[in-house]
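So the chains spell out like this:
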Amino acid sequence: MNKKIVIVGHGLAGSVLAHTLLQHGLEVVVLDAALPHSATEVSAGLINPFIGPKLNVPDEFSTCMEENQKFFKKMENESGEKFLESIDLHRIFQSAEQGKKWNLSSDAFRKSNLSVAESLNMGIASRFGAGITKAWQLKPLRFIEFSRELLSSRGNYFVELFDPEKWRDYRVIFCDGYRASRNKWFKHLPFSPAQGEVLKIQSPYNFNASNGIWHLAEKKGSAQIGSTWNHQDIEAGPTDQAVEEILGKIDFLPKLNGDGIIGHKSGVRSATIDRNPILGSHPEIKNYFIFNGFGSRGCTTIALCAKELKDFLIQGNKIPAHKDLLRFHK
């Protein structure tokens, strides 16, 4: 078996995994076919510690952020630019009960409260006020561009489809996003791909906010807003239905409207039925591996999962049971 590892796919998962393995002395080749509908192409990079209306902090969140900061600090030192930044995120309360839950939530990520009057002064239409969250924003597209440039300069990056005959004597890791559900070696796994759409819009609001639908301010009076979650017609591309849905749900920022839309993109997330990623080796083809299924939380979880797969490949460590593909082969 050739010692070189072939990574199939260069989205956020494939790029982070490639550099994680390279940093630990493994030989890596990345194959990318530049296919459409990539989830990374529409990712706004928001990393939010509070999930859903119950404002729960996901398991392993702190560990995920430790690995994110370690990994991207190394890449920032190499590139001379910033990929991961701490941001304030205004969480818009949708009920009095949610405001109470906010006050009982983790002190590690809860910064301060905004009264109804303070929210109104900022242009936020909220009957229940808001809270300011310590969150993060990753620049996934810029990171992937840098990764491509760096890998290409070292002869580690090729634009081509995976050919099993060409790479038959290599270890192969599939980071092929939602197309894993069509991958003949792994399509039996319970993937549940979902399309997401994001708008770029002219915005007078210079802050970040979310009540499930989010607004991430950019320079020069624009913002990204989104996103949607659709399991039907996942390759349909941008839709009018998504525009209506996003603008309808972001009514807590009443100055936004359809006349200000300046961009509209869609992509497909590689989600799974149990909402956990899938890592590990094929039960029969021992040189085939998968690194996939990160859904909408890839920016949060991929760096930690890359470390776990690296430890599995180098040291033989066990992959956490809730992420190991073998959970589906019992």
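Please refer to the structure higher up on the page.
Okay, so let's go over this structure. Given the structure is predicted, the values throughout are model-derived calculations rather than measurements.

### Quick look at the packing of helix α1 (residues 12-23) against helix α7 (residues 298-315)
In step 1: Contact geometry for α1 and α7: axes closest at 9 Å, N-to-C directions at 40°. It follows from the interaxial angle that α1 and α7 lie oblique. The two elements α1 and α7 cross, and the hand of that crossing is right-handed. Contacts between α1 and α7 pair Leu-12, Ala-13, Val-16, Leu-17, Thr-20 and Leu-21 from the former with Gly-298, Cys-299, Ile-302, Ala-303, Ala-306, Lys-307, Leu-309, Lys-310 and Leu-313 from the latter.
In step 2: When the residues that make up the contact of α1 with α7 are grouped by side-chain class, the tally is eleven nonpolar, two polar and two charged.

### Notes on the nonpolar core
In step 1: Among the nonpolar cores identified, the biggest contains 45 residues, and Ile-7, Leu-17, Leu-21, Ile-173 and Phe-291 are the most heavily contacted of them.
In step 2: At the level of secondary structure, the elements contributing two or more residues to this core comprise β1 (2-8), α1, β2 (28-31), α2 (61-79), β6 (130-138), α5 (140-153), β15 (288-292) and α7.
In step 3: A total of seven residues in this core trace back to one element, the largest contributor, which is α7.
In step 4: Ignoring anything within four residues of it in the chain, the contact list for Phe-291 reads Ala-13, Leu-17, Ile-173, Phe-174, Cys-175, Ile-278, Leu-279, Ile-302, Cys-305, Ala-306 and Leu-309.
In step 5: Counting 19 residues, the second-largest nonpolar core is a separate cluster that includes Ile-92, Ala-223, Val-243 and Leu-256.

### Remarks on the pattern of salt bridges
In step 1: For the structure on display, the rule yields 18 salt bridges.
In step 2: A salt bridge links Glu-78 to Arg-154, with the nearest nitrogen and oxygen atoms 2.6 Å apart. With Glu-78 in helix α2 and Arg-154 in the loop between α5 and β7 (157-158), this residue pair connects regions lying 76 residues apart in the sequence.
In step 3: On the accessibility criterion, Arg-154 (47% relative accessible area) is partly exposed.
In step 4: For Arg-327, the salt bridge is made with Asp-274, and the minimal N-O distance between the two is 2.9 Å. Pair noted here: Arg-327 is in the segment after α7 and Asp-274 is in the loop between β13 (261-269) and β14 (278-281), with a separation of 53 residues, a long-range link.
In step 5: Linked through salt bridges whose partners overlap, the residues forming this network are Glu-81, Arg-142, Glu-145 and Glu-149.

Cut-offs applied
- Residues numbered from 1 in each chain as written.
- Predicted model: local features only at pLDDT ≥ 70, side-chain atom pairs only at ≥ 80, totals over all residues.
- Heavy atoms only, no water.
- Axes fitted to C-alpha atoms, helices over the stretch in contact; angles between N-to-C directions.
- Helix = DSSP H or I, 4+ residues; strand = E, 2+ residues; numbered from the N terminus.
- Parallel < 35°, antiparallel > 145°, perpendicular 65-115°, else oblique.
- Left-handed = near helix turned anticlockwise from the far one by under 90°.
- Contact = heavy atoms within 4.5 Å.
- Nonpolar A, V, L, I, M, F, W, Y, C, P; charged D, E, K, R; others polar.
- Core = buried A, V, L, I, M, F, W, Y, C linked by side-chain atoms within 4.5 Å.
- Buried < 20%, exposed > 50% of the residue type's maximum accessible area, 1.4 Å probe, protein only.
- Salt bridge = Lys/Arg side-chain N within 4 Å of Asp/Glu carboxyl O.

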